[in-house]
Amino acid sequence: MKATSLLYLDGVSVTFDGFKALNELSLTIAPGEMRAIIGPNGAGKTTMMDVITGKTKPDRGEIYFDGAIDLTGEDEASIAEIGIGRKFQKPTVFESHTVRDNLELALKAPRGPFATLFHVISGGETKRIDDLLGLIRLSDRKHELAANLSHGQKQWLEIGMLLAQDPKLLLVDEPAAGMTDAETAETAELLKDIAQDHSVVVVEHDMEFVRSLSVKVTVLHEGSVLAEGSLDHVSANERVVEVYLGR
Ligand SMILES: Nc1ncnc2c1ncn2[C@@H]1O[C@H](COP(=O)(O)OP(=O)(O)OP(=O)(O)O)[C@@H](O)[C@H]1O
């Protein structure tokens with residue numbers, strides 16, 4: 001399993017002041033897969049993202065990327081460099097730059113924190129930016145300042161900026177939070193487009209959104225996997241209803 005998985009977690013535990021945020025968490029993501037992670041508040045979803053991206057070190061357990069890379073031995077910057085992009089809940093775009101310039105900056109930046117200055121770009125890069133603009137549904141707003149975008153559009157722009165860095169795995173934290181219904185539906189389509197050539201892990205509370213992704217779902221509870229399978233499969237699990245869906 002370890003060798004063939006894009007992401008492999010085995011027996012991962014994280015303790016904060018005696019509280020087990022992750023408790024022997026084991027899960028695998030296949031190359032090219034999109035997976036949805038659901039679970040009640042405090043289930044460990046954010047902590048799981050934190051251990052994958054190197055923000056938090058696990059007390060124990062194995063985390064491997066792309067078969068052979070031991071992520072527990074890498075820091076945050078090198079994990080970004082290896083090809084894991086993370087989209088936090090709050091959009092962080094450069095508000096005083098245009099949509100297009102935000103993408104150009106991301107394209108030019110080394111993976112990880114954006115630290116580069118603008119400079120002349122090649123024709124290939126122009127095409128790449130146009131493709132990204134189309135993908136994130138912002139082609140007709142490319143000359144707009146990012147500050148003037150709606151909340152949902154800012155989220156899409158930030159996703160585009162992450163994609164500009166060509167990650168193998170994209171981690172997305174509650175993309176639908178704060179979006180209109182129309183934006184939420186479009187975001188599901190956007191993630192499905194992205195998943196055609198990237199692996200994606202998406203944490204989300206909006207069950208209608210999760211259903212529209214139609215992917216395998218992992219239910220976390222008290223720091224470990226409670227159930228896994230299609231949304232219909234996990235929704236039929238009594239424990240899942242009890243701790244989460246029945247709220
Ligand atoms: N740095 C920290 N120090 C102490 N406790 C923490 C820390 N980070 C998380 N926790 C605790 O660990 C538990 C798991 O939190 P986590 O944020 O991973 O859950 P979550 O599933 O993402 O929840 P939510 O859906 O509310 O975002 C929570 O009880 C939280 O209070």
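Parameters at a glance
- In this convention, every chain numbers its residues from 1, walking through the sequence in written order.
- Residue-level local features of this predicted model are given only where pLDDT is at least 70; pairs of side-chain atoms are given and counted only at 80 or more, and the full residue set underlies all totals for whole chains, interfaces and linings.
- Pairing between strands requires that DSSP locate at least two bridges from one strand to the other.
- Helix and strand assignments come from DSSP, with helices taken as H or I runs of at least 4 residues and strands as E runs of at least 2, each series counted from the N terminus.
- Domain start and end points were adopted from an automatic or database domain assignment.
- Working definition of a contact: two residues with C-beta atoms, positioned from the backbone, lying within 7 Å.
- Ten residue types, Ala, Val, Leu, Ile, Met, Phe, Trp, Tyr, Cys and Pro, are classed as nonpolar, four, Asp, Glu, Lys and Arg, as charged, and the remainder, Gly among them, as polar.
- Placing a C-beta atom from the backbone of each residue, we mark the residue near a molecule or strand if the atom is within 6 Å of it.
- As a rule, residues whose C-beta atom has 12 or fewer other C-beta atoms within 10 Å are exposed, those with 20 or more are buried, and those in between are partly exposed; C-beta atoms are placed from the backbone.
- By the criterion used throughout, a crossover qualifies as right-handed when its path from the first strand across the helix to the second strand runs clockwise, the strands pointing away from the viewer.
- Axis definition: a line fitted to C-alpha atoms, limited for helices to the stretch in contact. Angles are taken between N-to-C directions and run from 0 to 180 degrees.
- Each angle is binned into one of four classes, with values under 35 degrees roughly parallel, values over 145 roughly antiparallel, values of 65 to 115 roughly perpendicular, and all other values oblique.
- Handedness of a crossing is defined here by the sense of rotation of the near helix relative to the far one, left-handed for an anticlockwise turn of less than a right angle and right-handed for a clockwise turn.
- Only buried residues count toward a nonpolar core: Ala, Val, Leu, Ile, Met, Phe, Trp, Tyr and Cys, linked into one set through C-beta atoms within 7 Å.

By the naming in an unreviewed UniProt entry, the chain goes by Methionine import ATP-binding protein MetN and is assigned to Roseibium album.

(A) Inspection of the pairing of strand 4 (residues 60–65) at higher detail. As defined by bridge partners, strand 1 (residues 7–16) adjoins strand 4 across 5 bridges and the pair is classed as antiparallel. Among the inter-strand pairings, serine 13 is bridged to a residue of strand 4, identified as arginine 60. Pairing of strand 4 with strand 5 (residues 69–70), which is carried by 2 bridges, proceeds in the antiparallel orientation. Looking across to strand 5, one finds that tyrosine 64 is bridged to aspartate 70.

(B) Representation of the domain arrangement of the chain. Partitioning the chain into domains gives domain 1 (1–83 + 170–247) and domain 2 (92–166). Inter-centroid distance (C-alpha atoms) of domain 1 to domain 2 is 26 Å. Contacts between domain 1 and domain 2 engage 14 residues on the former and 11 residues on the latter. Put simply, the parts of the chain that give the side of domain 1 that touches domain 2 at least two residues each are helix 2 (76–82) and helix 6 (181–194). In terms of residue class, the side of domain 1 that touches domain 2 is built from 7 nonpolar, 3 polar and 4 charged.

(C) Examining the site of the ligand more closely. Phe16, Ala21, Gly39, Asn41, Gly42, Ala43, Gly44, Lys45, Thr46 and Thr47 make up every residue found near the ligand. Residue contributions to the shell around the ligand peak at 3 residues, all from helix 1 (residues 45–52). Here the residues of the shell around the ligand sort into 3 nonpolar, 6 polar and 1 charged.

(D) Representation of the pairing of strand 8 (residues 199–203) within the structure. Here strand 8 lies mainly inside the structure; 5 of its 5 residues are buried. Taking every second residue as pointing to the same face, both faces of strand 8 are buried, with Ser199, Val201 and Val203 on one and Val200 and Val202 on the other. Where strand 3 (residues 34–38) meets strand 8, 4 bridges bridge the pair, whose relative direction is parallel. Residue pairing in the sheet places methionine 34 in a bridge with valine 200 of strand 8. Here 5 bridges tie strand 7 (residues 169–173) to strand 8, and the two strands are oriented parallel to one another. When the bridges of strand 8 are listed, valine 172 appears paired with valine 202. After leaving strand 7, the chain enters helix 6 and then returns to the sheet as strand 8, a path that is right-handed.

(E) Summary view of the environment of valine 210. Positionally, valine 210 belongs in helix 7 (residues 207–213). Excluding residues within four positions of it along the chain, valine 210 makes contact with Ala36, Ile38, Glu204, Val217 and Leu231.

(F) Here's a closer look at the sheet that holds strand 3. Taken together, the 6 strands give an open sheet; going across it, the order is 6-7-8-3-9-10, and neighbouring strands pair in mixed fashion. Each edge of the open sheet carries a strand with a single partner, namely strand 6 (84–87) and strand 10 (224–229). Across this sheet, the average inter-strand angle for adjacent strands is 20°, counted without regard to direction. Where strand 6 meets strand 7, 4 bridges bridge the pair, whose relative direction is parallel. Considered in strand 7, the bridge of arginine 86 is made with leucine 171.

(G) Summary view of the packing of helix 3 (residues 99–108) against helix 5 (residues 151–164). The contact between helix 3 and helix 5 brings their axes to 8 Å, and the two run at 30°. Taken together, the axes of helix 3 and helix 5 are roughly parallel relative to one another. Our pair here, helix 3 against helix 5, has a crossing hand that is right-handed. Taken together, the residues of helix 5 that come into contact with helix 3 (itself represented by Val99, Asn102, Leu103, Ala106 and Leu107) are Leu157, Gly160, Met161 and Ala164.

(H) Just helix 1, in detail. With respect to burial, helix 1 is a largely interior element, 6 of its 8 residues being buried. Taken together, the buried positions of helix 1 are occupied by Lys45, Thr47, Met48, Met49, Val51 and Ile52.

(I) Representation of the nonpolar core. Among the nonpolar cores identified, the biggest contains 69 residues, and Leu7, Ile52, Leu103, Leu157, Leu171, Val200 and Val219 are the most heavily contacted of them. Both domains that furnish three or more residues to this core are identified here as domain 1 (1–83 + 170–247) and domain 2 (92–166).

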